[in-house]
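# Structural features, examined
One-letter residues, chain by chain:
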Amino acid sequence: MDQDERLLHASSFGAAAVAYAEHRPDYAHAAVRWALESAPGPRVLDLGAGTGKLTATLVALGAEVVAVEPDPAMLTELRRSLPDVRALSGSAEAIPLPDASVDAVLAGNAMHWFDMAVAGPEIARVLAPGGTLAGLWNVMDDRVEWVAGLARVSGSAAIGPRDTPTSWRAETADAHLPKTGVAARFGSPEQAEFPHGQRRTADSLVATIATRAGVLVMPEQEQEATLSRIRAFLASRPETARGAFTLPMLTGVLRVQRL
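Model, not experiment: these values are computed from the prediction. (Residues numbered from 1 in each chain as written. Predicted model: local features only at pLDDT ≥ 70, side-chain atom pairs only at ≥ 80, totals over all residues. Heavy atoms only, no water.)

## Topic: unusual backbone geometry
Quick note on the threshold: Categorising residues by exposure relies on relative accessible area from a 1.4 Å probe, with only protein chains included: less than 20% of the type maximum marks a residue as buried, more than 50% marks it as exposed, and the intermediate range marks it as partly exposed.
A positive phi angle, close to 50°, is found at Ala-100, a residue other than glycine. Judged by relative accessible area, which is 34%, Ala-100 ranks as partly exposed. Of note, the phi angle at Asn-109 is positive, near 50°, even though the residue is not glycine.

So, in structure tokens, the structure goes:
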């Protein structure tokens, strides 16, 4: 994905902010605890916070949270759902916080959008010495047969290599590194996966997939065809054809320490 395409995808979510808040999953608490276990203190920045899915989990775990989000519609939804959280307009490349003001920076399904040549130094700036940077990704567990079928039917624009455990580790292993010759600001990465799941119906799973960037930027006719194909697949499977079911998932974490 080139820079222009990356920016198009990254800026696509605002139009679907309400649907994103309703349908996107939260994050496995065990994954968030592991992301934070080496942080030197409780102050956490949720960077690229979206509508606050990760923010809410951090609050529930007792962290001192500040959220930063560039999209006005997403930020409005975050402030509506979490009115007691300090939520600021900003981006990974321009973080509106003082030097060494947080002990950890977490990014939920967002780090792959960051320009780490610029964002890396910014994140290092706001982190305290020895602070943690962690990216979290919710992935559909395609080791389950029907989920693997769903991924095939959906196509890579809807369920891409970062969205399944088969390949998320390779896709995210260097997400903390700049793509240019700028020096890395973080140590060696650690990765771990944690069981997760989300209660869905066929309709709500289609609505969830419709909030993915690759679907949001599709031409309308292609988007309708993709979602119709997914609906037909879900209607054909005994696991998903009737009523509610649990979508098998994992929360994957990439964790590094500030040098």
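## Some words on the packing of aromatic side chains
Heads up, the rule is: Pairing of aromatic rings covers Phe, Tyr and Trp, the last counted by its six-membered ring, and requires centre-to-centre distances within 6.5 Å; plane angles under 30 degrees mean stacked, over 60 mean edge-to-face, and any other angle means tilted. Helix and strand definitions follow DSSP, with helices as H or I runs of at least four residues and strands as E runs of at least two, each counted in order from the N terminus.
Counted by the stated rule, this structure contains three aromatic pairs. Pairing Trp-34 with Phe-194 gives two aromatic rings, centres 6.0 Å apart and planes at 50°, and the pair type is tilted. Of this pair, Trp-34 sits in helix α3 (residues 29-36) while Phe-194 is found in strand β6 (residues 190-200), placing the two residues 160 residues apart along the sequence. You'll find Trp-34 and Phe-194 in the same group, each marked buried. When the ring of Trp-137 is compared with that of Trp-168, the centres are 6.1 Å apart and the planes differ by 35°; the resulting orientation is tilted. In this pair, Trp-137 is assigned in strand β5 (residues 127-140) and Trp-168 in helix α8 (residues 168-172), connecting sequence segments 31 residues apart. Taking relative accessible area as the criterion, Trp-168 reaches 0% and is therefore assigned buried.

## Some details on the sheet that holds strand β3 (residues 86-89)
Paired through backbone hydrogen bonds, the strands of a sheet run either parallel or antiparallel to each other. We count it as follows: A pair of strands is labelled paired if DSSP reports no fewer than 2 bridges between them. Lines fitted to the C-alpha atoms define the axes, with helices restricted to the stretch that makes contact. Angles between their N-to-C directions range from 0 to 180 degrees. The contact criterion used throughout is that any non-hydrogen atoms of two residues lie within 4.5 Å.
Ordered in space as β3-β2-β1-β4-β5-β7-β6, the seven strands form an open sheet in which the pairing is mixed. Edge positions in the open sheet fall to β3 and β6, since each of these has one partner strand only. Averaged over all pairs of adjacent strands, the angle between their axes in this sheet comes to 25°, without regard to strand direction. Pairing analysis gives three bridges linking strand β1 (residues 43-47) to strand β4 (residues 102-108), with the strands arranged parallel. For Leu-45, the partnering residue across the bridge sits in β4 and is Val-105. Of the strands in this sheet, β2 (64-69) and β3 are in contact with helix α5 (residues 72-81), which crosses β3 at around 170°.

## Quick look at the nonpolar core
The condition that has to hold: In this description, a nonpolar core means a group of buried Ala, Val, Leu, Ile, Met, Phe, Trp, Tyr and Cys residues linked to one another through side-chain atoms lying within 4.5 Å.
Ranked by internal contacts, the top residues of the largest apolar core, which has 29 residues, are Leu-45, Leu-47, Val-105, Phe-114 and Ile-123. Those elements that place two or more of their residues in this core are β1, β2, β4, α6 (116-126), β5 and β7 (245-257). No other element matches the five residues that α6 contributes to this core. Here Ile-123 is in contact with Leu-47, Ile-95, Val-105, Phe-114, Met-116, Leu-133 and Phe-186, once residues within four sequence places are set aside.

## Observations regarding the UniProt feature "domain: Methyltransferase type" (unreviewed entry) in the protein chain
For clarity, the cut-off: UniProt positions are given in the numbering used here, feature names are shortened, and annotations may be inferred rather than shown by experiment.
In the numbering adopted here, UniProt assigns the feature "domain: Methyltransferase type" (unreviewed entry) to residues 45-134. In this annotation, residues 45-134 is assigned 32% helix and 31% strand; the end-to-end C-alpha distance for the span is 10 Å.

## Details of empty space enclosed by the protein
Short version of the rule: Of the grid points, spaced at 1 Å and generated over the protein atoms alone, those admitting a 1.4 Å probe that cannot get out make up cavities, while open sets with protein on both sides within 12 Å along at least five of seven lines make up pockets; any residue with an atom within 4 Å of a point is treated as lining. Grid points are joined across faces, edges and corners, and a volume is the space filled by probe spheres set on the points.
Applying the stated criterion across every chain, the model contains two cavities of 30 Å³ or more. In this structure, the largest cavity encloses a volume near 150 Å³. Space inside the second largest cavity adds up to approximately 60 Å³. The wall of the second largest cavity is formed by Tyr-20, Tyr-27, Asp-46, Gly-48, Ala-49, Gly-50, Gly-52, Lys-53, Leu-54 and Gly-108.

## A short note on α3
Within α3, the full set of buried residues consists of Ala-31, Val-32, Trp-34, Ala-35 and Leu-36. On its buried side, α3 packs onto β1, α4 (53-60), β4, β5, β6 and β7.

## Comments concerning the pairing of β1
Burial analysis of β1 places four of its five residues in the buried class, the great majority of the element. As paired elements, β1 and β2 share five bridges and run parallel to each other. From the neighbouring strand, Leu-45 faces β2, where its bridge partner is Val-66.

## A few points about the packing of α3 against α4
Defined as follows: Small angles under 35 degrees read as roughly parallel and large ones over 145 as roughly antiparallel, with 65 to 115 read as roughly perpendicular and the rest as oblique. By the convention adopted, Pro, Cys, Tyr, Trp, Phe, Met, Ile, Leu, Val and Ala count as nonpolar, Lys, Arg, Asp and Glu as charged, and the other residues, Gly among them, as polar.
As a packed pair, α3 and α4 sit with axes 10 Å apart at the nearest point and diverge in direction by 75°. Considering the angle they form, α3 stands roughly perpendicular to α4. Contacts between α3 and α4 involve His-29, Val-32 and Leu-36 from the former and Leu-54, Thr-57, Leu-58 and Ala-60 from the latter. Of the residues contributing to the contact of α3 with α4, the split by class is five nonpolar, two polar and no charged.

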